[in-house]
Amino acid sequence: MSPSRVPDAYRLPDAYLPTGRSKVIEPGLVVIRAALAETEQQTLFRAVGGSRFLPAETANRERVYDRVEAFDAAATAACVCASTCASQADAAMPNMFPTHLLANRYSSTSGLVWHRDIYRNDGDGDAPIVILSLGAPCQFGVESVVTGERRVIELRSGDALVFGGPCRFIKHAVLSIDLERSPTWMPVEQRARLSLTFREAVLGQEHLYRTFKAEHLTEQERWRPGDPLVGPQPTQQGLDQSPLPARSEAAVACSA
Ligand SMILES: O=C(O)CCC(=O)C(=O)O
Ligand SMILES: [Fe+2]
């Protein structure tokens, strides 16, 4: 999405953008260290952590997927900060306007297998996916689209990872999670990694993607960039089948 389509409510004063902490790993792949201050991490952890998570493909992961309006507006604001920051640091990184949030909660040391975000709810085009990492640190794997080399990036609470443009369909994985190194502000019984993954996707389909199981991780080997995104599987439907009402342009306050 071009910057001109971003509503004023989401625009940020330049002073908020921590460009110095961005690191371009390769064109279209940016990590932003400490994108969120500790108080912001706690606010988002509490706000999104209270959502209605559903079990995913493995016992360690629960997920909730919906339009951004279904979550605390501070989450969207933090995403806009991170994506703006990444686009400023990297000329290959398109701007994005988040429409949907997939939040993942990992409550054991295992993560998520190697995959590409090729499903229709991940968003067409090259707008980036923005990941905000909260809670326990993880080892995050990425496979370079330039060299095919696999790298591991440690994502700590408050870090952001943004992949778009030439890296929009980069292979990635959550290799492991270190619950023991959870931030001290996390109650021991709630130790987990919460990833907020924002996407710019078509509206009105979210009710088809509320559940996700191992059998839905299809087409990963066959799919090539340029192919249409993979649609929902017959068994992939939410408990609540109804889409949300039309988007409201709710104002959000940027706290990052
Ligand atoms: O948890 C993460 O950081 C990544 C999650 C992910 O890759 C996905 O939901 O597609
Ligand atoms: Fe993914």
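This report concerns the structure included in the present document. If you're wondering where the values come from, they're calculated on a predicted model, not measured in any experiment. (Residues numbered from 1 in each chain as written. Chains lettered and ligands numbered in written order. Predicted model: local features only at pLDDT ≥ 70, side-chain atom pairs only at ≥ 80, totals over all residues. Heavy atoms only, no water.)

## Comments concerning the overall build of the chain
Put simply, the rule reads: Labels follow the DSSP assignment, with helices taken as runs of H or I lasting at least four residues and strands as runs of E lasting at least two, numbered in each case from the N terminus. The rule is simple: take the accessible area with a 1.4 Å probe, protein chains only, and divide by the maximum for that residue type; under 20% is buried, over 50% is exposed, in between is partly exposed. A contact between two residues is defined here by any heavy atoms of the two lying within 4.5 Å. Computed with a 1.4 Å probe, the accessible areas rest on the Shrake-Rupley method; for each residue, only the protein chains presented here act as cover.
For the chain, the helix and strand inventory stands at two helices and twelve strands. Ordering the α and β elements of the chain from the N terminus gives β-β-α-β-β-α-β-β-β-β-β-β-β-β. Taking all 256 residues of the chain together, 56% fall into the buried category. Expressed as a percentage of contacts within the chain between residues at least 6 apart in sequence, the contacts between residues at least 24 apart total 82%. When the accessible surface of the chain is totalled, it reaches about 10900 Å², and 53% of it is carbon and sulfur.

## Examining helix α1 (residues 38-49)
Applicable threshold: Given a helix with a known number of residues, its expected span is that number minus one, times 1.5 Å. What the arc describes is the spread of directions from the helix axis to the C-beta atoms.
In a regular helix each residue adds 1.5 Å, so twelve residues correspond to 16 Å; α1 covers 16 Å between its end C-alpha atoms and thus fits that length. If you check which residues of α1 are buried, you get E40, Q41, L44, F45, V48 and G49. Taken end-on, α1 shows its buried residues confined to a sector of 140°, consistent with a single buried face. In α1, the exposed positions angled more than 90 degrees off the buried face are occupied by T39 and R46.

## A closer look at the packing of aromatic side chains
The line we're drawing: Each Phe, Tyr or Trp ring (for Trp, its six-membered ring) is paired with any other whose centre lies within 6.5 Å, and the angle between the two planes then decides the class: stacked below 30 degrees, edge-to-face above 60, tilted in between.
Per the stated rule, a full pass over the model turns up two aromatic pairs. On the numbers, 5.5 Å between centres and 70° between planes, the contact of F45 with W185 is edge-to-face. Of this pair, F45 sits in helix α1 while W185 sits in the loop between β11 (171-177) and β12 (193-199), and the two are 140 residues apart along the sequence. The exposure classification of F45 matches that of W185, with both residues buried. Ring geometry for F169 against W223: centres 4.7 Å apart, planes inclined by 50°, an arrangement best described as tilted.

## Looking at the pairing of strand β9 (residues 150-155)
Stated formally: Criterion used throughout: strands pair if DSSP finds at least two bridges between them.
Inspection of the sheet shows strand β8 (residues 138-143) paired to β9 by six bridges, in the antiparallel sense. Paired with C138 across the two strands is L155, which belongs to β9. In this structure, the hairpin formed by β8 and β9 is closed by a connection of six residues, where G148 is found at a positive phi of approximately 80°.

## Observations concerning the state of the cysteines
Operational definition: Disulfide assignment relies on a single distance test, namely cysteine sulfur atoms paired within 2.5 Å.
In this structure the tally under the stated criterion is zero disulfides. Unpaired in this structure, C85 has its nearest cysteine sulfur neighbour in C81, at a distance of 8.5 Å.

## Topic: the site of ligand 1
Rules: Put simply, a residue is near a molecule or strand once any heavy atom of it comes within 4 Å of that molecule or strand. What qualifies as a polar contact is a pair of N or O atoms within 3.5 Å, subject to a donor-acceptor requirement within protein and to the restriction that residues adjacent in sequence count only when both atoms come from side chains.
In the vicinity of ligand 1 lie 13 residues, with Y106, H115, H172, R193 and S195 positioned nearest. In this structure, H115 approaches ligand 1 through a side-chain N or O atom, which is 3.1 Å from an oxygen atom. At a separation of 3.5 Å, an oxygen atom of ligand 1 approaches a polar side-chain atom of R199. Protein contacts shield 95% of the accessible area of ligand 1, which totals 290 Å² for the unbound molecule.

## Considerations on the coordination of the iron ion (ligand 2)
Defined as follows: With water excluded from the atoms, a metal site may look incomplete; its donors are any N, O or S atoms within 2.8 Å, or within 3.2 Å for Na, K and Ca.
Around the iron ion (ligand 2), the donor atoms from the protein are H115 (NE2), D117 (OD) and H172 (NE2), and they sit 2.1 to 2.2 Å away. Taken in chain order, the donor set of the iron ion (ligand 2) reads H-x1-D-x54-H. Placement of D117 in the loop between β6 (112-115) and β7 (129-135) and of H172 in strand β11 is noted, with a sequence separation of 55 residues between them. Across the pair, exposure class does not vary: D117 and H172 are buried alike.

## Quick word on the side chain of S157
In this fold, S157 is placed in the loop between β9 and β10 (160-163). At 2.7 Å, the side chain of S157 forms a polar contact with the side chain of Q41. Polar side-chain contacts of S157 include one of 2.9 Å to the backbone nitrogen of G135. Those residues in contact with S157 that sit more than four places away from it in its chain are Q41, S133, L134, G135, P183 and W185.

## Re the nonpolar core
Note the following rule: Residues belong to one nonpolar core when they are buried, are Ala, Val, Leu, Ile, Met, Phe, Trp, Tyr or Cys, and are joined through side-chain atoms within 4.5 Å.
One finds I32, L44, V130, L132, L196 and F198 to be the most contacted residues of the largest nonpolar core, which totals 33 residues. Per element, the largest residue contribution to this core is seven residues, and it comes from helix α2 (residues 73-89). In this structure, L132 is in contact with L36, L44, A75, A78, C79, A82, D159, A160, L194, S195, L196 and F198, ignoring residues within four places of it in sequence. Within the second largest apolar cluster, 20 residues are counted, among which are I25, I129, I153 and L161.

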